[in-house]
Amino acid sequence: MVKVNLKSKYVIIAIAFLLVLVCALAWFNRPSGDLEPNTLSVLQNDSVLKTFSLADIKALPAIDVKKTIQSSKEADDSGVFTGVPLEDVLNAIDKNLLINGTEFIVRAEDGFAITFSKNDVLEENNILVAYAKEGQSLGASRDGGTGPFRIVGVGDSFGNRCTKYLNEIEVK
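Being a predicted model, the structure only gives us computed values, none of them experimental. Think of each chain on its own: its residues are numbered from 1, step by step along the sequence as written. Where totals are concerned, whole chains, interfaces and linings use all residues; where local detail is concerned, this predicted model gives features only for residues with pLDDT of at least 70, and gives and counts side-chain atom pairs only at 80 or more. Only hydrogens and water are set aside when side-chain values are computed; all heavy atoms of the structure are taken into account.

(A) Layout of the overall build of the protein chain. Numbering of helices and strands runs from the N terminus, with a helix taken as a DSSP run of H or I at least four residues long and a strand as a DSSP run of E at least two residues long. Secondary structure summary: the protein chain contains five helices and ten strands in total. In the protein chain, 57% of the contacts between residues at least 6 apart in sequence involve partners at least 24 apart. Accessible areas in this description were obtained via Shrake-Rupley with a 1.4 Å probe; residue shielding takes into account the shown protein chains only. Approximately 10100 Å² of the protein chain is accessible, and the part contributed by carbon and sulfur atoms is 55%. Contacts are residue-level and defined by heavy atoms, with any inter-residue pair within 4.5 Å sufficient.

(B) Representation of the pattern of salt bridges. Each salt bridge in this description consists of a side-chain nitrogen of Lys or Arg and a carboxyl oxygen of Asp or Glu lying within 4 Å of one another. Counted according to the given criterion, the structure contains eight salt bridges. E74 is the partner of K164 in a salt bridge, and the nearest nitrogen-oxygen pair spans 2.9 Å. Placement of K164 in the loop between β9 (150-153) and β10 (166-171) and of E74 in the loop between β3 (63-69) and β4 (77-85) is noted, with a sequence separation of 90 residues between them. A simple rule labels every residue: compare its accessible area, found with a 1.4 Å probe on the protein chains alone, to the largest value its type can have, and call it buried under 20%, exposed over 50%, or partly exposed in between. Given the relative accessible area of 48%, E74 is considered partly exposed. The salt bridge involving E168 is made with R107; its shortest N-O contact spans 2.7 Å. In this pair, E168 sits in strand β10 while R107 sits in strand β5 (residues 103-108), placing the two residues 61 residues apart along the sequence. Of the two residues, E168 and R107, neither departs from the other in class, the shared state being buried. Sharing partners across several salt bridges, the network here consists of R107, E168, E170 and K172.

(C) Focus on the nonpolar core. The criterion is simple. A nonpolar core is a set of buried Ala, Val, Leu, Ile, Met, Phe, Trp, Tyr and Cys residues joined through side-chain atoms within 4.5 Å. Residues L40, I57, L90, V129, L166 and I169 are the most contacted members of the largest nonpolar core, which totals 24 residues. Sort the elements by how many residues they give to this core and strand β7 (residues 127-133) lands first, with four residues. Setting aside residues no more than four positions away along its own chain, V129 makes contact with L40, T82, G83, V84, L86, V89, F149, R150, I151 and L166. One finds F81, L128, A130 and C162 within the second-largest nonpolar core, a separate group that totals eight residues.

Spatial relationships are all this shows, so hold off on functional conclusions.
Right, here's the structure in full:
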């Protein structure tokens, strides 16, 4: 019979706990399975408030931002990004979203999620919902693109909050 010392039991318990924690976090941050492809859905309280098509987003007032998105995994992505400030996207649905919301969770098709504070979103032209770079569509992920939507953190030094394949924004 193999004897397991007390220290080994604690290590096994810690590993099991971490595994459960990682699974729980992955579950809570998963993208909604009922979202339409190539669209951007805005949710609150588990209800879809509006689903934007690419044409819907392009119909909103756009800005151009020159930005280099620095990445530790891939080559840096530099260029002029065209899109709509996140504040304007939310206001196109309901101006109260920014008044009452405190956190804005953006999610990507691949499950990546990041949270922006109200102050991040309200800072003028700080968080951009981009749909083009250098005048060209970002392209869908299945076609090797980074879109059709992506978040560009204009004031961010690094690209850790620049979400590719954006398809969901949740208002908390």
